[in-house]
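Each chain, written out:
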Amino acid sequence: MQKENILDWSMEDLERLMEEWSESKFRSKQIIEWLYLKKAGAFALMTNLSKDLRAKLEARFVLRSLKIQDSRESKDGSVKFLFGLNDGNAVEGVYMPDENRRALCVSTQVGCKFHCAFCLTGKMGFIRNLSPAEILEQVLAVQEWLGPEKTLTNLVLMGMGEPLDNYDNVMKALRIFNSPAGFKFGGRKITLSTVGLLPALERFQKEDLKINLAISLNAVDDAARSRIMPANKKYPLKDLLKFCREYPLQPGRRITFEYVLVPGVNDTDEDAEKLSRLLRGIKCKVNLIPLNAGEGVPFSSMPQDRVDRFHKILVNSNISVFTRKSRGGDILAACGQLGGGWAA
Ligand code: SAH
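Residues numbered from 1 in each chain as written. Predicted model: local features only at pLDDT ≥ 70, side-chain atom pairs only at ≥ 80, totals over all residues. Heavy atoms only, no water.

Of regular secondary structure, the chain possesses 12 helices and 14 strands. Here the C-alpha atoms of the chain give a radius of gyration of 21 Å, agreeing with the 20 Å that 2.2 N^0.38 yields for 344 residues. Here the C-alpha coordinates of the chain stretch approximately 70 × 45 × 35 Å along the principal axes. Here the chain holds 344 residues, and the buried ones make up 55% of them. A separation of at least 24 residues holds for 65% of the contacts in the chain among residues at least 6 apart in sequence. In the form shown here, the chain has an accessible surface area of approximately 15,600 Å², with 50% of it arising from carbon and sulfur atoms. Mean positive and mean negative side-chain charge positions of the chain (50 and 42 charges, respectively) differ by 3 Å. (Helix = DSSP H or I, 4+ residues; strand = E, 2+ residues; numbered from the N terminus. Rg over C-alpha atoms; globule rule 2.2 N^0.38 Å. Buried < 20%, exposed > 50% of the residue type's maximum accessible area, 1.4 Å probe, protein only. Contact = heavy atoms within 4.5 Å. Areas by Shrake-Rupley, 256 points an atom, 1.4 Å probe, with all protein chains shown as cover. Lys, Arg positive; Asp, Glu negative; His and termini not counted. Charge placed at Lys NZ, Arg CZ, Asp CG, Glu CD.)

In structure tokens form, the structure reads like this:
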């Protein structure tokens, strides 16, 4: 029988197992600490567990199922990783260092079902969901690659896939990312980005996870949004914005609206003005993302002066806005460029 990956098990799952094995429930927390806080890569290292328990764990579980298969470093310091999975599939992640921030962009699925017209992952189609372990191990692998001096500070679920379309596995991973016994990333340091799957968003808002929510808005009317994001046909703008307006935010927090500027689709002055009207009354900030062009993406990139102009109109309408600096364009690691691009 193939061994299970212990990283797929939550603290509660492990508590039940400890009870079954007549061990104290407290062992579960110790195991989680070994796995994520201390990042132990072998059961033998877990020295505050009895030899007998370590042997039982060893017989039942593995604790790694993903490997860094390749990495490419950009001129700007960001690094794209290719993570090889046990079944021969692979996903990508991007490390983005700044002065005080070291962020990792994490994948949640192999491929994606949602076919956004500007995104390369969408072109791959959907292959499969990642397991909780495969999501968590991207962070373990990159942290190990970086070494103890450079601790990751932020996680963004903005890599390959749609996080809310792999709901249970993503929630399981998020609990460990956020747990004091696990990775200890504070809720403000974790951002989940979604195309706006309303039923999953309704579920998500009831979770006790206080992480940041980013919505890929990308257009101000249904015609334009459906053209570039087919998911809009099922979950139209009006319903999505109503959800956002009513979303129970923690004090001092805001929703992020990502807006990929696509030339000729959503980039006019009127679009900027309409965007500021639509967002009125929502505690939010806008993250403008100039389109990253790619092979197979049927749009050209946005001229900088048009980006600045769009940005300024929002500022003048009192919308909090920042334009996302494109990272890793030279290694095809920028937004929407994940999904290929490893051939020498
Ligand atoms: N499925 C999730 C997370 C992955 S995409 C989502 O859609 O939010 C992360 C962000 O990258 C999204 O805001 C998406 O709109 C943006 N993006 C995708 N392709 C892009 C491209 N070619 N140029 C710029 N941004 C892109």
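What follows is about the packing of aromatic side chains. Throughout the structure, instances matching the rule amount to 9 aromatic pairs. Aromatic side chains Trp-9 and Phe-61 sit 5.1 Å apart centroid to centroid with 80 degrees between the ring planes, which places their arrangement in the edge-to-face category. Taken as a pair, Trp-9 in the loop between strand S1 (4-5) and helix H1 (11-20) and Phe-61 in strand S2 (residues 61-62) lie far apart in primary sequence, 52 residues in all. Taking the relative accessible area as the measure of exposure, Phe-61 reaches 1% and is therefore buried. Lying over the aromatic face of Trp-34, Lys-38 brings its terminal NZ or CZ to 3.9 Å of the ring centre. (Phe/Tyr/Trp six-rings, centres within 6.5 Å; stacked < 30°, edge-to-face > 60°. Lys NZ or Arg CZ within 6 Å of the ring centre and 35° of its normal.)

Our next topic: unusual backbone geometry. The backbone of Asn-218 sits at a positive phi, close to 65 degrees, despite the residue not being glycine. Among the structural elements, Asn-218 can be located in the loop between strand S11 (212-216) and helix H8 (222-228). Residue Asn-218 is classed as buried on the basis of its relative accessible area of 2%. One non-glycine residue, Asn-318, adopts positive backbone phi at about 65 degrees.

Turning to the side chain of Ser-193, a few remarks are in order. Inspection of the secondary structure assignment puts Ser-193 in strand S10 (residues 190-194). The class for Ser-193 is buried, based on a relative accessible area of 8%. Reaching out from Ser-193, the side chain makes a polar contact with the side chain of Glu-258 at a distance of 2.6 Å. Excluding residues within four positions of it along the chain, Ser-193 makes contact with Leu-157, Met-158, Glu-162, Pro-163, Ala-214, Ser-216 and Glu-258. (Polar contact = N/O pair within 3.5 Å; in protein donor to acceptor, adjacent residues only side chain to side chain.)

Now for the domain arrangement of the chain. Assigned domains of the chain: these are domain 1 (4-62) and domain 2 (67-331). Taking only C-alpha atoms, the centre of domain 1 and the centre of domain 2 are 33 Å apart. Across the boundary between the two partners, domain 1 contributes 13 residues, which contact 14 residues of domain 2. Taken together, the two surfaces of domain 1 and domain 2 that pack against each other cover about 1,100 Å², and 71% of this comes from carbon and sulfur. Ranking the residues of domain 1 by area buried against domain 2 places Leu-7, Asp-8 and Tyr-36 at the top, with a combined share of 47%. Remark: the boundary between domain 1 and domain 2 carries 1 salt bridge. Residue Lys-172 pairs with Asp-13 through a salt bridge whose shortest N-O separation is 3.0 Å. (Domains from an automatic or database assignment. Buried area = accessible area lost by both parts, 1.4 Å probe. Salt bridge = Lys/Arg side-chain N within 4 Å of Asp/Glu carboxyl O.)

As a further point, take the environment of Phe-243. If you trace the backbone, Phe-243 turns up in helix H10 (residues 237-246). For Phe-243 and Phe-322, which are 79 residues apart along the polypeptide, the C-alpha to C-alpha distance reads 23 Å. If sequence neighbours within four positions are ignored, Phe-243 has contacts with Leu-198, Leu-201, Glu-202, Gln-205 and Leu-213.

So, on to the sheet that holds strand S9 (residues 154-157). Reading across from one edge, S3-S4-S5-S6-S9-S10-S11-S12-S13-S14 is the order of the 10 strands in this open sheet, with mixed pairing throughout. One side of each edge strand has no neighbouring strand; the edge strands of this open sheet are strand S3 (66-73) and strand S14 (321-323). Averaged over neighbouring strand pairs, the angle between their axes works out to 20 degrees when direction is ignored. Sheet analysis places strand S5 (residues 90-97) next to strand S6 (residues 102-105), joined by 4 bridges and oriented antiparallel. Looking across to S6, one finds that Val-94 is bridged to Cys-105. (Pairing = 2+ DSSP bridges. Axes fitted to C-alpha atoms, helices over the stretch in contact; angles between N-to-C directions.)

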